[in-house]
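Survey of secondary and tertiary structure
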Amino acid sequence: MKFSGLKAAITGAVLAVSASLAAPASATPYTEVGDAGSTVATAQLLPGGTTQIFGTNSTSDFYLFASLGGVYGFNTYGTGFVDTMLFIYNDTGTSLLAFNDDNPYPNSALSVFLAAGNYLVGIDQYSHCYSAGDISCFASDGSDPGGWSYVINISTPTGPVDEVPVPGALALLGLGLLGLGGLRRNRKAA
Ligand SMILES: [Ca+2]
Ligand SMILES: [Ca+2]
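Residues numbered from 1 in each chain as written. Chains lettered and ligands numbered in written order. Predicted model: local features only at pLDDT ≥ 70, side-chain atom pairs only at ≥ 80, totals over all residues.

The subject of this paragraph is the overall build of the chain. Counting secondary structure elements, the chain contains three helices and 10 strands. Going from N to C terminus, the chain has its helices and strands arranged as α-β-β-β-β-β-β-β-β-β-α-β-α. A burial count over the chain gives 22% of its 190 residues as buried. Across the chain, every contact between residues at least 6 apart in sequence was considered, and the portion connecting residues at least 24 apart equals 68%. (Helix = DSSP H or I, 4+ residues; strand = E, 2+ residues; numbered from the N terminus. Buried ≥ 20, exposed ≤ 12 C-beta atoms within 10 Å, placed from the backbone. Contact = placed C-beta atoms within 7 Å.)

The structure is reproduced here in structure tokens:
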């Protein structure tokens, strides 16, 4: 009896450690309700502190994410063998801020600095609206087969979230982004 009691205690301890590794205390899942859909109007609001999104893709899904300010990581590790793509847009869906197809293939991962505010996080399957500059692309093309399940993991922001960047560095960053935007437009126009 003593031995089996000890064995049970050890097994319990091992299970507890395994559980803590599989599901960190900080994990805050959100499960898609119905269909998050492909537009700003249907995008589902993620509760503050959400670290995982579980959903099912039909054509594409978008979620409204509130950033506290900082560098966030997004990935689709755990989705399985689906050739996913991840998109981060501003909250009106008019500006693509970050995009990843394979990191590594077929799953997606990106990390991006998001100033405090709201953003759209989108998921779709290669190559529907690949790196599209505007979310309206997703509403106009529903040719994807869909029907696959996914998980989007969101890391908590790294670095001091309340750090105020030096104005000069901000201006340089802004100029760089404008330059990138100009390059993209030029490439599109070409
Ligand atoms: Ca969906
Ligand atoms: Ca991919």
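With that settled, the discussion passes to the sheet that holds strand β1 (residues 29-31). Strand order in the open sheet formed by five strands is β1-β3-β10-β5-β8, with mixed pairing between adjacent strands. Strands at the two margins of the open sheet, each flanked by one partner only, are β1 and β8 (109-114). Averaged over all adjacent pairs, the angle separating strand axes in this sheet is 20°, with direction ignored. When strand β5 (residues 70-75) meets strand β10 (residues 148-154), the two strands line up antiparallel, connected through two bridges. By the bridge assignment, F74 is partnered in β10 with I154. (Pairing = 2+ DSSP bridges. Axes fitted to C-alpha atoms, helices over the stretch in contact; angles between N-to-C directions.)

Looking now at the nonpolar core. Among the nonpolar cores identified, the biggest contains 27 residues, and F62, Y63, Y89, Y119, L120, V121 and I152 are the most heavily contacted of them. If one sorts the elements of this core by residue count, strand β6 (residues 84-90) sits on top with five residues. With near-sequence residues (within four places) excluded, F62 lies in contact with A36, G37, S38, A43, L120, V121, G122 and I135. (Core = buried A, V, L, I, M, F, W, Y, C linked by C-beta atoms within 7 Å.)

If you walk across this open sheet you meet the five strands as β2-β4-β9-β6-β7, and the pairing is mixed. Looking at the sheet topology across the chains shown, the edges are occupied by β2 (44-45) and β7 (96-100). Both β2 and strand β4 (residues 61-67) contribute to a ladder of two bridges, which runs parallel. Along β4, the bridge assignment pairs Q44 with Y63.

Another point: the environment of T39. Here T39 shows up in the loop between β1 and β2. Each C-alpha atom, one on T39 and one on S136, is 7.1 Å from the other, the two residues being 97 residues apart in sequence.

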